[in-house]
Amino acid sequence: MADLRVPALRWAEPPHGPVLVLLDQTRLPAEEAEYVCTDVPALVAAIQSLVVRGAPLLGIAGAYGVALAAARGYDVPEAARLLAEARPTAVNLARGVWRAEAAHRAAGGDGPAAAEAALAEARALHREETEASDRMAALGAELLAELLPGGGYRLLTHCNTGALVSGGNGTAFAVVAAAHRAGELRRLWVDETRPLLQGARLTAYEAAREEMPYAVLADAAAGSLFAAGEVDAVLIGADRIAADGSVANKVGSYPLAVLAGHHGVPFVVVAPVSTVDRETVDGRGIRIEERPGHEVTEIRPGAPVTPVGALAYNPAFDVTPPELVTAIVTERGVVSPVDRGNLAEVCSRSRST
Ligand code: MRU
């Protein structure tokens, strides 16, 4: 994507000590404001309030969080535990955290050399996710050309999957951007993604910066769009993919998969191998984050739309079973049909394949 003026995340070393600087995604698209973390509690709060969000970026942020704790002389194992538990569904978060913590431990578990090792590991993960994003964009664009040989795609996406969620151009949005650059994107349909509006606020922001032909719709309008034959494929990201190919992603993804299946439209998931959790046997084992009810009962903080005291149901994610997923695009190859064996085979390929 056109570079963000404020990158989604950066490590900085001002004279008063290292900091992790985040682009505050809760304030987009109104302003590109920075959120500066000088300690782990600030980063945990940023993760929980979605200042920083999206599976790959959570992993990167978690790894830098360990580096921050180490550089500032905090208790690294305790910091790692707090960070890893900040949100439960995106497997990348705990993975990134424990990867940096392991590097810190392997380098002695204390002092400047161990802190440097944690930081080097965070930087390596950041680089890897950037490269994975480029590779997924290329593989996803090839897949779209196969699935939709007529070109001129009308693609529907949900939540936010662009440069705001990874080191590179993102996951599903990176594929959309590749199609746009190739002159093949006729329309990007952007689900608003209630309740926190990641689609309306963030994906529309990224699409506008890329000068894409996009339109935002209320989530509930997707059905009539499919019925009118206006969607050629659905492209989404993932927060955790179980060993059987079940995909946890932003709540509202599963209904889209059902609609896509009913209308014979490809439903494509784009996610790095770092999002595949082969220790979780199937979708039933994925822990779904429950978020506070006020996110549903208020249209924005402090603006209720329900009677006082209304209860709310607010799962942040849902799970799409593998039989509804046409393909999973990873940086190591495309899994299709989606099943346990094919997923394991693609994940076991070497990085450069
Ligand atoms: O609650 P969020 O905004 O962190 O949810 C993010 C998503 O569901 C994305 O679609 C997902 O992380 C895949 S993008 C890499």
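Throughout, a residue's number is its position along its own chain's written sequence, starting from 1. Owing to the predicted nature of the model, reporting of local features is limited to residues with pLDDT of at least 70; listing and counting of side-chain atom pairs is limited to 80 or more, with chain, interface and lining totals taken over all residues.

Looking at an unreviewed UniProt entry, one finds the protein named Methylthioribose-1-phosphate isomerase, with Streptomyces litchfieldiae as its source organism. UniProt positions are given in the numbering used here, feature names are shortened, and annotations may be inferred rather than shown by experiment. In its Catalytic activity (unreviewed entry) section, the UniProt entry covering the protein states "5-(methylsulfanyl)-alpha-D-ribose 1-phosphate = 5-(methylsulfanyl)-D-ribulose 1-phosphate".

A. Just the overall build of the protein, in detail. A count of helices and strands for the protein gives eleven helices and 16 strands. Between the two quantities, the radius of gyration covers C-alpha atoms and the globule rule is 2.2 Å times the number of residues to the power 0.38. Compactness check: the protein gives a C-alpha radius of gyration of 20 Å against a globular reference of 20 Å for 353 residues, within 12% of the reference. Seen through its principal axes, the protein has C-alpha atoms that stretch 60 × 55 × 40 Å. We call a residue exposed when 12 or fewer other C-beta atoms sit within 10 Å of its C-beta, buried when the count reaches 20 or more, and partly exposed for counts in between; the C-beta positions come from the backbone. Put simply, the protein has 353 residues, and 52% of those count as buried. Distance between backbone-placed C-beta atoms decides contact: two residues are in contact if it is within 7 Å. Sequence-distant contacts, at least 24 apart, represent 72% of the contacts inside the protein between residues at least 6 apart. Put simply, DSSP marks the helices as runs of H or I at least four residues long and the strands as runs of E at least two long, and each gets a number from the N terminus on.

B. Inspection of the packing of helix H3 (residues 76-84) against helix H4 (residues 91-106) at higher detail. Running from amino to carboxyl end, H3 crosses H4 at an angle of 170°, the nearest separation of the two axes being 9 Å. Judged by the inter-axis angle, H3 sits roughly antiparallel to H4. Two secondary-structure elements touch here, H3 through Val76, Pro77, Ala80, Leu83 and Ala84 and H4 through Leu93, Ala94, Val97, Trp98, Glu101 and His104. Amino acid classes used here: Ala, Val, Leu, Ile, Met, Phe, Trp, Tyr, Cys and Pro are nonpolar; Asp, Glu, Lys and Arg are charged; the rest, including Gly, are polar. Tallied by class, residues from the contact of H3 with H4 come to nine nonpolar, one polar and one charged. Here an axis means a line fitted to C-alpha atoms, over the contact stretch when the element is a helix, while the angle between two N-to-C directions is reported on a 0 to 180 degree scale. Each angle gets one of four labels, with under 35 degrees taken as roughly parallel, over 145 as roughly antiparallel, 65 to 115 as roughly perpendicular, and the rest as oblique.

C. Here's a closer look at unusual backbone geometry. Here the amide bond leading from leucine 28 into proline 29 is cis, since omega sits at 0°, within 30 degrees of zero. In this structure, the amide linkage connecting arginine 194 to the following residue, proline 195, adopts the cis form with an omega of 5°. Of note in the backbone geometry, threonine 193 takes a positive phi value of approximately 70° without being a glycine. Inspection of the secondary structure puts threonine 193 in the loop between strand E5 (185-191) and helix H7 (198-209). On the basis of neighbour count, threonine 193 is assigned to the buried category, with 23 C-beta atoms found within 10 Å. Here the phi dihedral of leucine 197 falls at roughly 60°; this positive angle occurs in a residue that is not glycine. Checked against the element boundaries, leucine 197 lands in the loop between E5 and H7.

D. Broad picture of the UniProt feature "site: Transition state stabilizer" (unreviewed entry) in the protein. In the numbering used here, UniProt assigns the feature "site: Transition state stabilizer" (unreviewed entry) to Cys159. By secondary structure assignment, the location of cysteine 159 is in the loop between strand E4 (153-157) and helix H6 (172-181). With residues up to four places along the chain from it excluded, the contact list for cysteine 159 reads Thr193, Gln198, Gly199, Ile236, Gly237, Asn249 and Lys250.

E. How the structure looks around the site of the ligand. As a rule, any residue with its backbone-derived C-beta atom within 6 Å of a molecule or strand is reported as near that molecule or strand. In the vicinity of the ligand there are 17 residues, among which Arg53, Ala55, Cys159, Gly237 and Lys250 approach most closely. Counting residues per element, the ones that place at least two in the shell around the ligand are helix H2 (55-71) and strand E9 (247-250). The residue makeup of the shell around the ligand, split by class, is eight nonpolar, six polar and three charged.

F. Quick look at the environment of alanine 344. Assignment of secondary structure puts alanine 344 in helix H11 (residues 340-348). C-beta crowding within 10 Å serves as the criterion here: with 14 such atoms nearby, alanine 344 is assigned to the partly exposed category.

G. Inspection of the sheet that holds strand E1 (residues 9-12) at higher detail. The strand order E1-E2-E3 describes an open sheet built from three strands, whose pairing is antiparallel. Each having just a single partner strand, E1 and strand E3 (34-37) make up the two edges of the open sheet. Shown here is a sheet whose adjacent strand axes are inclined to one another by a mean of 25°, direction ignored. Here, strands pair whenever DSSP counts at least two bridges between them. Looking at chain direction, strand E2 (residues 19-23) and E3 are connected through four bridges and run antiparallel. Looking across to E3, one finds that leucine 20 is bridged to cysteine 37. Where helix H1 (residues 40-48) meets the sheet, it contacts E2 and E3, and its direction lies at approximately 140° from that of E3.

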